[in-house]
Amino acid sequence: PDYLKLDQDSPMIDTGDPNSPVGSDLEQDPRPINISTDIGADEFTACLVRVRDSGTTRFFGQVQLAINDFNGSGFIDIAGTCFLPQGASEIARVDRNNITFTGGWQLDFSAQDTTSYLDALGGGRIIFVEQNISTKFDDRLTIRNGFADSGSENGARGGAIYIEPNANLTLE
């Protein structure tokens, strides 16, 4: 029902228990989406991530959850604006080969005709590519507001993108 849905300015967004065992909302959207779980029956959908690999398709509310579940080679498709999750030091820590990240998707993945955003809100890195990893990001992804302070891993290097030695990041 519409009366259970959150508005974009609701104070309930990203203020729920980050340890909640509830994996989806009333519309079967994944939980959490973005920074943390929302309070209530609805998870406000600003970011959706689709994994297409090994002949299967799965959906997540955070980029890192999609990377962690990635198997083989294929695509991670990003729709909307994805923020730095609570307690994370980067939005995407890429530790697997053969992932192509695509953006510009509508939230229902019906069309790739817009821009998607990865926004760290000044709280951490956006993309961290681990040693000996090769990955690709397409031009429909905009990265913004990355930050790495001197106390973070690898010092203050790579506020938006950090690529470890022998890693390869292709921007298409």
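Residues numbered from 1 in each chain as written. Predicted model: local features only at pLDDT ≥ 70, side-chain atom pairs only at ≥ 80, totals over all residues. Heavy atoms only, no water.

Q: How do you make sense of the environment of Gly55 when you look at a structure like this?
A: Take Gly55: it is sitting in the loop between strand 1 (47-53) and strand 2 (56-60). Placed 112 residues apart in sequence, Gly55 and Ala167 show a C-alpha to C-alpha distance of 27 Å. (Helix = DSSP H or I, 4+ residues; strand = E, 2+ residues; numbered from the N terminus.)

Q: I'm lost on the side chain of Gln62 in this one. Help?
A: Residue placement: Gln62 occurs in the loop between strand 2 and helix 1 (63-69). On the basis of relative accessible area, Gln62 is assigned to the buried category, the value being 10%. Residues within four places of Gln62 in sequence aside, it is in contact with Pro32, Asn34, Ile35, Val49 and Pro85. (Buried < 20%, exposed > 50% of the residue type's maximum accessible area, 1.4 Å probe, protein only. Contact = heavy atoms within 4.5 Å.)

Q: Help me understand unusual backbone geometry in this model?
A: Phi is mostly negative for residues that are not glycine, and the peptide bonds are mostly trans. That bond from Arg31 to Pro32 is cis: its omega, -5 degrees, falls within 30 degrees of zero. Within the element layout of this structure, Pro32 appears in the segment before strand 1. Even without glycine at this site, Gln28 takes up a positive phi of about 70 degrees. According to the relative accessible area criterion, Gln28 is exposed, its value standing at 60%. The backbone of Phe109 shows a phi angle near 60 degrees, a positive value even though the residue is not glycine.

Q: Can you help me understand the pattern of salt bridges in this one?
A: Two side chains bearing opposite charge may form a pair once their charged atoms approach each other closely. All told, the structure shown has 11 salt bridges when counted by the stated rule. Lys5 is the partner of Glu27 in a salt bridge, and the nearest nitrogen-oxygen pair spans 2.5 Å. Here Glu27 is found in the segment before strand 1, whereas its partner Lys5 is found in the segment before strand 1, with 22 residues between them in sequence. For Lys5, a relative accessible area of 36% gives the class partly exposed. A salt bridge links Lys136 to Glu172; its shortest N-O distance comes to 3.7 Å. Of the two residues, Lys136 sits in strand 8 (residues 134-137) while Glu172 sits in the segment after strand 11 (168-171), which places them 36 residues apart along the sequence. Note on Lys136: relative accessible area 36%, which makes it partly exposed. (Salt bridge = Lys/Arg side-chain N within 4 Å of Asp/Glu carboxyl O.)

Q: Quick question: what am I supposed to make of the nonpolar core here?
A: Here is a general trend for soluble globular proteins: nonpolar side chains tend to be buried in one another's company. Val49, Val63, Ile67, Ile76, Ile78, Phe101 and Leu118 are the most contacted members of the largest nonpolar core, which has 32 residues in total. Mapped onto this core, the elements with two or more residues apiece are strand 1, helix 1, strand 3 (74-83), strand 4 (90-94), strand 5 (99-105) and strand 7 (125-129). When sequence neighbours within four positions are dropped, the list of residues in contact with Ile76 reads Val49, Arg50, Val51, Ala66, Ile67, Phe70, Ile99, Thr100, Phe101 and Thr102. (Core = buried A, V, L, I, M, F, W, Y, C linked by side-chain atoms within 4.5 Å.)

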